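Spelled out from the first residue to the last, the chains are:
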Amino acid sequence: MKETIPITMKDIAREMGVSIATVSRALNDNLRISDSQRERIKKFALEHNFVPNAVAANLRNARLQQRKVIGVIVPQFTHFYFSSVLSGIEEEASARGYSMMVAQSGEDYAKEVNICTQFLKNRVCGVIVSQAKDTNVYDHFQRLIDDGLPLVFYDRICTGIEASRVVVDDYMGAFTAVNYLIGTGCRRIAFYGMSEKLEIAKNRYNGYVDALQKNGLKLDEALVKYADNRSDAEAITPELLMMDNRPDAFFAVNDDTAIGILYTAKNMGLRVPDDVSICGFTNGNRAIACDPALTTVEQRGVMVGEEAANILIGKVEGSIPMDKAEKRIVRTRLIVRGTTR
């Protein structure tokens, strides 16, 4: 008699047109999968004599326990926020006996995909990542999950995948900052943001808009610009400051952009904050190195890193279920300095 080759979860996933993770959840009666989907998958598995490979599962768990190395992807090493997140991850990981393997995507999708492949080859126990700006296909992240690796996003989260995440309260940070500017007498507040593909960009923009509306101010689209670095800010700010009805304040998506605005305004002979107020978002070292020192929203990157590492290690060690998408928010706070009235 010809021996029957056992069907695997990968086979079931291919035949049913779903991911391996979905098959695993359905077979384990995870409530995140609909009743009809669970029954459909379980029926198919039963009809094809599927037997869970307990040996393989035990080997995978053993591998994760033995190799205590966390893969971390940052978009840019030079950005203060990302370096502070790294510090938080390292502190929490080191305290719990883990080390890090860190790579920089350089805001490049292809490089990010390659890094994920290398992490799999190097058998990291899990991955913590802030996605690149131009990433809009997420198969490389799903592959990590399908291979059984815990995945935690920070700052720039992937809305296309149900995964754990740690973010700052971008909306409230922006709302509080703009509301403060209005409270000091500013009425024409420009907004410098980033690509709306990123969730943090949408949240900060929405905070800006809602603060205007709360105070009875109309949104002026001419004051909304895309600029998330110093050079772009220096290129576009002169045009706004030469308007007949120029802005009396700027809220920027990060400190580097805000410093570009500050540099330009001073070069044009404007007094900061008497003629124009400026607020950033990060609270990095540069915020206190400029003159005047920058009012900004503090992101608390170290705390974000600690929370991300805490979630990932919890999943590796079993205190947090692998199929639970843990979501944590770190509160921001406004740091008032010399660039606002």
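The structure we're discussing is the one just above.
Residues numbered from 1 in each chain as written. Predicted model: local features only at pLDDT ≥ 70, side-chain atom pairs only at ≥ 80, totals over all residues. Heavy atoms only, no water.

Topic: the pairing of strand β3 (residues 126-129)
Then step 1. Of the two faces of β3, the one holding Gly126 and Ile128 and the one holding Val127 and Val129 are both buried throughout.
Then step 2. Sheet topology places strand β1 (residues 69-74) next to β3; four bridges connect them, and they run parallel. In the strand pairing of β3, valine 72 is matched with isoleucine 128.
Then step 3. One crossover worth recording links β3 to the parallel strand β4 (residues 151-154) by way of helix α7 (residues 139-146), and it is right-handed. (Buried < 20%, exposed > 50% of the residue type's maximum accessible area, 1.4 Å probe, protein only. Helix = DSSP H or I, 4+ residues; strand = E, 2+ residues; numbered from the N terminus. Pairing = 2+ DSSP bridges. Right-handed = clockwise from strand over helix to strand, strands pointing away.)

What to know about the sheet that holds strand β11 (residues 327-330)
Then step 1. In spatial order, the strands read β2-β1-β3-β4-β5-β11; together these six strands make up an open sheet with parallel pairing. Either end of the sheet is taken by a strand with one partner, and the two such strands are β2 (99-104) and β11. Geometrically, the sheet is characterised by an average inter-axis angle of 15 degrees between neighbouring strands, direction not taken into account.
Then step 2. Contacts from helix α12 (residues 301-317) reach β1, β3, β4, β5 (164-168) and β11 within the one sheet, and its direction differs from that of β5 by about 170 degrees. (Axes fitted to C-alpha atoms, helices over the stretch in contact; angles between N-to-C directions. Contact = heavy atoms within 4.5 Å.)

Topic: the nonpolar core
Then step 1. Membership of the largest hydrophobic core comes to 25 residues, with the highest contact counts inside it found for Ile70, Ile128 and Val304.
Then step 2. Mapped by element, the contributors of at least two residues to this core are β1, α5 (80-95), β4, β5 and α12.
Then step 3. No other element matches the seven residues that α12 contributes to this core.
Then step 4. Beyond its immediate chain neighbours, meaning those up to four positions away, isoleucine 70 contacts Ala93, Tyr98, Ser99, Met100, Met101, Cys125, Gly126, Ile128, Leu312 and Ile313.
Then step 5. Counting 22 residues, the second largest nonpolar core, distinct from the first, contains Leu120, Ile145, Phe153 and Val167. (Core = buried A, V, L, I, M, F, W, Y, C linked by side-chain atoms within 4.5 Å.)

Here's the deal with the packing of helix α10 (residues 230-241) against helix α11 (residues 255-267)
Then step 1. The geometry of α10 relative to α11 is characterised by a closest axis approach of 8 Å and an angle of 45 degrees between their N-to-C directions. Looking at the two axes, α10 sits oblique to α11. Seen from above, α10 lies across α11 with right-handed handedness. Residues Arg230, Ala233, Glu234, Thr237, Pro238 and Leu241 of α10 form the contact with α11, whose own contacting residues are Asp256, Thr257, Ile259, Gly260, Ile261, Tyr263, Thr264 and Ala265. (Parallel < 35°, antiparallel > 145°, perpendicular 65-115°, else oblique. Left-handed = near helix turned anticlockwise from the far one by under 90°.)

A short note on the packing of aromatic side chains
Then step 1. This model, assessed by the stated rule, comprises ten aromatic pairs.
Then step 2. With a centroid separation of 4.9 Å and 25 degrees between ring planes, the pair formed by phenylalanine 191 and tyrosine 208 is classed as stacked. Here phenylalanine 191 is found in strand β6 (residues 189-193), whereas its partner tyrosine 208 is found in helix α9 (residues 199-214), with 17 residues between them in sequence. Taken individually, phenylalanine 191 and tyrosine 208 each receive the classification buried, so the pair is uniform in this respect.
Then step 3. Ring centres 6.3 Å apart and planes at 65 degrees place the aromatic pair phenylalanine 251 and phenylalanine 281 in the edge-to-face group. Linking phenylalanine 251 in strand β8 (residues 249-252) with phenylalanine 281 in strand β9 (residues 277-282), this pair joins segments that are 30 residues apart in sequence. (Phe/Tyr/Trp six-rings, centres within 6.5 Å; stacked < 30°, edge-to-face > 60°.)

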